[in-house]
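Structural description and commentary
Listed below are the residues making up each chain.
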Amino acid sequence: SRLICRWLEAGLPPENDTHYIGYIAGLFAIIGHILPIYYGFKGGKGVATSLGILLMTNWQLGLICLVFALVLMALTRVVSMGSIAAAILYPVLTLFVGGGHYIVESSGLGNGYFIYSVILAIIVIFNHRENIKRILSGTENKISFNK
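Now for a description of the structure that goes with this document. (Residues numbered from 1 in each chain as written. Predicted model: local features only at pLDDT ≥ 70, side-chain atom pairs only at ≥ 80, totals over all residues. Heavy atoms only, no water.)

**A look at a nonpolar patch on the surface**
On the surface, a nonpolar cluster with roughly 860 Å² of combined accessible area is contributed by Phe 28, Ile 31, Leu 35, Ile 37, Tyr 38, Tyr 39 and Phe 41. Here Phe 41 is to be found in the loop between helix H2 (19–34) and helix H3 (47–57). Take Phe 41: its relative accessible area is 51%, and that puts it in the exposed class. (Patch = residues over 30% accessible without salt bridge, like charges linked within 9 Å, V, L, I, M, F, W, Y side chains within 5 Å. Areas by Shrake-Rupley, 256 points an atom, 1.4 Å probe, with all protein chains shown as cover. Salt bridge = Lys/Arg side-chain N within 4 Å of Asp/Glu carboxyl O. Helix = DSSP H or I, 4+ residues; strand = E, 2+ residues; numbered from the N terminus. Buried < 20%, exposed > 50% of the residue type's maximum accessible area, 1.4 Å probe, protein only.)

**Considerations on the packing of H3 against helix H4 (residues 59–76)**
In the contact formed by H3 and H4, the axes pass within 5 Å of each other and the chain directions differ by 140 degrees. Compared by their axis directions, H3 and H4 come out oblique. Residue-level contacts link Leu 51, Leu 54, Leu 55 and Thr 57 of H3 to Trp 59, Leu 61, Gly 62, Leu 63, Cys 65 and Leu 66 of H4. Taken together, the residues of the contact of H3 with H4 break down into 8 nonpolar, 2 polar and no charged. (Axes fitted to C-alpha atoms, helices over the stretch in contact; angles between N-to-C directions. Parallel < 35°, antiparallel > 145°, perpendicular 65-115°, else oblique. Contact = heavy atoms within 4.5 Å. Nonpolar A, V, L, I, M, F, W, Y, C, P; charged D, E, K, R; others polar.)

**So, the nonpolar core**
Of all hydrophobic cores here, the largest spans 21 residues; its most connected members are Cys 65, Tyr 90, Tyr 113 and Tyr 116. Looking at this core, the elements with two or more residues in it are H2, H3, H4, helix H5 (79–98) and helix H6 (112–127). (Core = buried A, V, L, I, M, F, W, Y, C linked by side-chain atoms within 4.5 Å.)

**Topic: the packing of aromatic side chains**
Within this structure, the stated rule accounts for 1 aromatic pair. Over the face of the ring belonging to Phe 126 we find Arg 129, whose NZ or CZ atom lies 3.9 Å from the ring centre. (Phe/Tyr/Trp six-rings, centres within 6.5 Å; stacked < 30°, edge-to-face > 60°. Lys NZ or Arg CZ within 6 Å of the ring centre and 35° of its normal.)

As structure tokens, then:
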């Protein structure tokens, strides 16, 4: 991802507009955690990495999504439910809180941050497709708070 970001930095982007480089690096970090080469392309679902990227690009929305996910996990006792719901909440917050350009308003990207948030949400939701099937059928594992 560093090589691609340097390539983009070399001349493809609009002048003085570097936000997208962070977005691209974030996407590649998430993909790298979902499909790690060293583990035979078998990794996680991208939730923790997406949260880390979200906290770095917009810590306010990141904290809102994190708290929302934790509350939902505590109420439903289903971890994947909190992850999926937070992934859906992220673009919704981005759209309604900042008119689709919450963090990149001055950069000239327009709805770039909203599009970025939708891409991250799609990645997380896609990786939870088996969990979604189990949630709908009522067979998803639940966490227990008892010892």
